[in-house]
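Chain and residue survey
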Amino acid sequence: MVESKCRKVVCPAICSVVGLSLIIVAAAIIGLGTMNTVINNMIAKELVTSLDSAAFSEWMNPAPPIYMQYWFFNVTNPDEVVKGEKPILKEVGPVAYQLLQPRFDVAFFTNDTVQYKYNHTLIFNQEHSAVLPTQPIIQLNLPLITVTTMLKQKKLPAIAGKLIAALVKNWGDSALFVNHTMEEFLFGYDDPIFTEINKIVKDLVPPQFGLFYGYNNTDDGVYLVNTGRKDITQVNMLERWNYNKTLSWWGTDQANMINGTDGVFMSSGIKKDGYFVHLQQ
């Protein structure tokens, strides 16, 4: 009789405890799910590109510093190379620049897109540099090689070929190499070939030569991106560049696609096993 009474008392009690525990666990799971949803919605609201967004000032002028470092190979035996010997190269660098790229000419549209331009400004940073921008470098005469290639591809008029032949004849073997500072190689220097040909065909050859000539303190076109207002996963996704949905530089449709972001801002919730695409500027 005693055992029977204990079973009648203990069993319901155990069932009640187990049932209550399950209810608490279920409530916690639901609560956590709801809380995660609330938190994600709060984050999404702040990441939307809009004038009243908390992230707008950072979007306009990104605070994290970006540094660009450049190395060059200096040809230490140019005279011997002209005579047929192998070049001896010495790596020089880096010379570092901080990249500032605030957005400007910003315009919002009613279809949840925003249009803007980037201002690219490079400022020398000595802390991350091993040499100064004034470091001299001997390199191949890239303007001469560039123009020669353009002549072979018949992208320049015949008169340009005669002009180059006259200049090279006057220079002799010294035309193969040039001596300039790292900063000049990067941002531009006066080159007699480019200067003369620019007088003939201004649209094809600039007056100066530089690997990044015309880049510093300029923009690279008009960007149109999604604000993420309707779908935060689409925030800052590129829709057009220079008013075009695709590029026209490459040989296939896939290569000419404009996908991803500009690499500065993206949506939250990026996972380690996921992937994303950004357009390199």
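The paragraphs below set out a description of the structure included in this document. (Residues numbered from 1 in each chain as written. Predicted model: local features only at pLDDT ≥ 70, side-chain atom pairs only at ≥ 80, totals over all residues. Heavy atoms only, no water.)

Right, let's talk about the overall build of the protein for a bit. When helices and strands are counted, the protein shows seven helices and eleven strands. Out of the 281 residues in the protein, the part that is buried amounts to 32%. In the protein, 62% of the contacts between residues at least 6 apart in sequence involve partners at least 24 apart. If you sum the accessible surface of the protein, you get close to 18200 Å²; carbon and sulfur atoms cover 60% of it. (Helix = DSSP H or I, 4+ residues; strand = E, 2+ residues; numbered from the N terminus. Buried < 20%, exposed > 50% of the residue type's maximum accessible area, 1.4 Å probe, protein only. Contact = heavy atoms within 4.5 Å. Areas by Shrake-Rupley, 256 points an atom, 1.4 Å probe, with all protein chains shown as cover.)

Here the focus is the packing of helix α4 (residues 142-152) against helix α7 (residues 192-200). Interhelical geometry of α4 versus α7 gives an angle of 40° and a closest axis separation of 8 Å. By the criterion of interaxial angle, the relationship of α4 to α7 is oblique. On α7, the residues touching Pro143, Leu144, Thr146 and Val147 of α4 are Ile193, Phe194 and Ile197. A per-class count over the contact of α4 with α7 returns six nonpolar, one polar and no charged. (Axes fitted to C-alpha atoms, helices over the stretch in contact; angles between N-to-C directions. Parallel < 35°, antiparallel > 145°, perpendicular 65-115°, else oblique. Nonpolar A, V, L, I, M, F, W, Y, C, P; charged D, E, K, R; others polar.)

With that settled, the discussion passes to a nonpolar patch on the surface. Together, Val82, Leu140, Ile145 and Leu176 make up a nonpolar patch on the protein surface, roughly 260 Å² of accessible area in all. For Leu140, the location among the structural elements is in strand β6 (residues 136-140). (Patch = residues over 30% accessible without salt bridge, like charges linked within 9 Å, V, L, I, M, F, W, Y side chains within 5 Å. Salt bridge = Lys/Arg side-chain N within 4 Å of Asp/Glu carboxyl O.)

Most of strand β10 (residues 222-226) is tucked away, with five of its five residues classed as buried. Here β10 shows no split at all, with Val222, Leu224 and Asn226 on one side and Tyr223 and Val225 on the other all buried. In this sheet, β10 lies alongside strand β4 (residues 113-118) in antiparallel orientation, the contact comprising five bridges. By the bridge assignment for β10, Gln115 is matched with Leu224. (Pairing = 2+ DSSP bridges.)

Turning to α7, a few remarks are in order. Taken residue by residue, α7 has Ile193, Phe194, Ile197 and Asn198 as its buried positions. Taken end-on, α7 shows its buried residues confined to a sector of 125°, consistent with a single buried face. Backbone nitrogen of Ile193 and a side-chain oxygen of the N-cap are separated by 3.0 Å at the start of α7; the cap is Asp191. (Arc of directions from axis to C-beta. Polar contact = N/O pair within 3.5 Å; in protein donor to acceptor, adjacent residues only side chain to side chain.)

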